[in-house]
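Residue-level structural notes
So you can see what is in the structure, the chains are spelled out below.
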Amino acid sequence: MEKIRLENVTFSYLQQGVTAPVVEKVSLTIREGEFISLIGPSGCGKSTLLRLLAGLSRPGGGRILLNGTEIKGTGHERGVVFQHYALFPWMTARDNVIFGLQQCRDGRSRKEIEATAQRYLDLVGLHDVGDKYPNQLSGGMQQRVTIARAFAMDTDILLMDEPFSAVDARNRMKLQELLLELWRAGQKKKTVIFVTHDVDEAILLSDRIVVLSACSKSVKEQITVDLPRPRHWSELANTDSYTALRNRLIGLLFTDLVEETRLAV
Ligand SMILES: Nc1ncnc2c1ncn2[C@@H]1O[C@H](COP(=O)(O)OP(=O)(O)OP(=O)(O)O)[C@@H](O)[C@H]1O
């Protein structure tokens, strides 16, 4: 079933007094429960598209439909996880999750909210750090708290902007597998739109990878990832189908780079 539809979406920023288009005529349909990655070179508009989907910016042209209704602003059915951990430094890890849950205003009692917060902290492997403040936690732990908060809020849609890029390689792998586990285990699968630079991360996580072009500022290609799930790094990395997919994606990014360089000279 269709969840989100982008129809000819365009967006421009005012840069040094000049209107500069950064997203041009992007059309895309996303199914309910689908895990989509947006990849593409730096500056091709990935974060801008995510902000448009979050309702933090409005398209200059075209429209974005959610369940058939045009998005006009932010909404409780969309959770956002950014690259930097976005935790309130004056709140403990548990209170950060509780704060997220309180925003849902779904009539739950304080007791239920506290229990839910602890359950999600447990699920992300942070059983005993609920009373710690963000500055007492490592980057990876802080990102676990933001993931716990996002999943505890139980929004239909999760918008994630390079959430693991500031985490070291080992913790990054752990967080990727954790994200997959939470996504798979949910009663109702969330629709996830995940921005990344990382081809391997996109393959591991996604049902479909949308490659954006810096040249056209639009969708260059969409690739279905038909590797079986559940996926684990240890099993995936040496398979022929993974290597073929990886090479194809790198090829697409490379041709865009060549085209961009050609246009610049
Ligand atoms: N607030 C802003 N004002 C003006 N220009 C902006 C603003 N934010 C982004 N841009 C420009 O819009 C373009 C797209 O930016 P965006 O952050 O969406 O790209 P991106 O693909 O997410 O990049 P990266 O991978 O480096 O994070 C870039 O050229 C950027 O310089």
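Rules and cut-offs
- Residues numbered from 1 in each chain as written.
- Predicted model: local features only at pLDDT ≥ 70, side-chain atom pairs only at ≥ 80, totals over all residues.
- Buried ≥ 20, exposed ≤ 12 C-beta atoms within 10 Å, placed from the backbone.
- Helix = DSSP H or I, 4+ residues; strand = E, 2+ residues; numbered from the N terminus.
- Pairing = 2+ DSSP bridges.
- Axes fitted to C-alpha atoms, helices over the stretch in contact; angles between N-to-C directions.
- Contact = placed C-beta atoms within 7 Å.
- Near = placed C-beta within 6 Å.
- Nonpolar A, V, L, I, M, F, W, Y, C, P; charged D, E, K, R; others polar.
- Parallel < 35°, antiparallel > 145°, perpendicular 65-115°, else oblique.
- Left-handed = near helix turned anticlockwise from the far one by under 90°.

Looking now at helix α1 (residues 46-54). For α1, a buried count of seven out of nine residues is recorded, marking the element as mostly surrounded by other parts of the structure. All of the buried residues in α1 are K46, T48, L49, L50, L52, L53 and A54. G55, located one to two residues past α1, shows a positive phi value of around 85°.

A few words now on the sheet that holds strand β9 (residues 208-212). Strand order in the open sheet formed by six strands is β6-β7-β8-β3-β9-β10, with mixed pairing between adjacent strands. On the outer flanks of this sheet lie β6 (78-81) and β10 (219-224), each paired with one strand and no other. Ignoring strand direction, the axes of neighbouring strands in this sheet form an average angle of 15°. Packed on one face of the sheet, helix α8 (residues 240-264) meets β9 and β10 and runs near 180° to β10.

As a further point, take the site of the ligand. Near the ligand the following residues occur: Y13, Q15, V22, G40, S42, G43, C44, G45, K46, S47, T48 and H197. The set of elements that each furnish at least two residues to the shell around the ligand consists of β1 (2-15) and α1. At three residues, α1 tops the list of elements feeding residues into the shell around the ligand. Residues of the shell around the ligand, tallied by class, amount to three nonpolar, eight polar and one charged.

It is worth spelling out the sheet that holds strand β4 (residues 61-66) at this point. As summarised here, the arrangement of the four strands in space is β2-β1-β4-β5, forming an open sheet in which the pairing is antiparallel. The sheet is open, and its two edges are formed by β2 (18-31) and β5 (69-70), each paired on a single side. In this sheet, β4 lies alongside β1 in antiparallel orientation, the contact comprising five bridges. Bridged to R5 within β4 is L65. Across the sheet, α1 lies against β1, β2 and β4, angled at about 65° from β2, the strand it touches most.

It is the contact of helix α2 (residues 93-103) with helix α4 (residues 139-153), at a shortest axis distance of 9 Å, that shows an interaxial angle of 30°. As far as their axial angle goes, α4 and α2 are roughly parallel. As α2 runs across α4, the sense of the crossing is right-handed. Seen from α2, the contacting residues are A93, N96, V97, G100 and L101; seen from α4, they are V145, A148, R149, A152 and M153. Here the residues of the contact of α2 with α4 are counted per class, giving seven nonpolar, two polar and one charged.

By themselves, these are just geometric observations and shouldn't be taken as functional.
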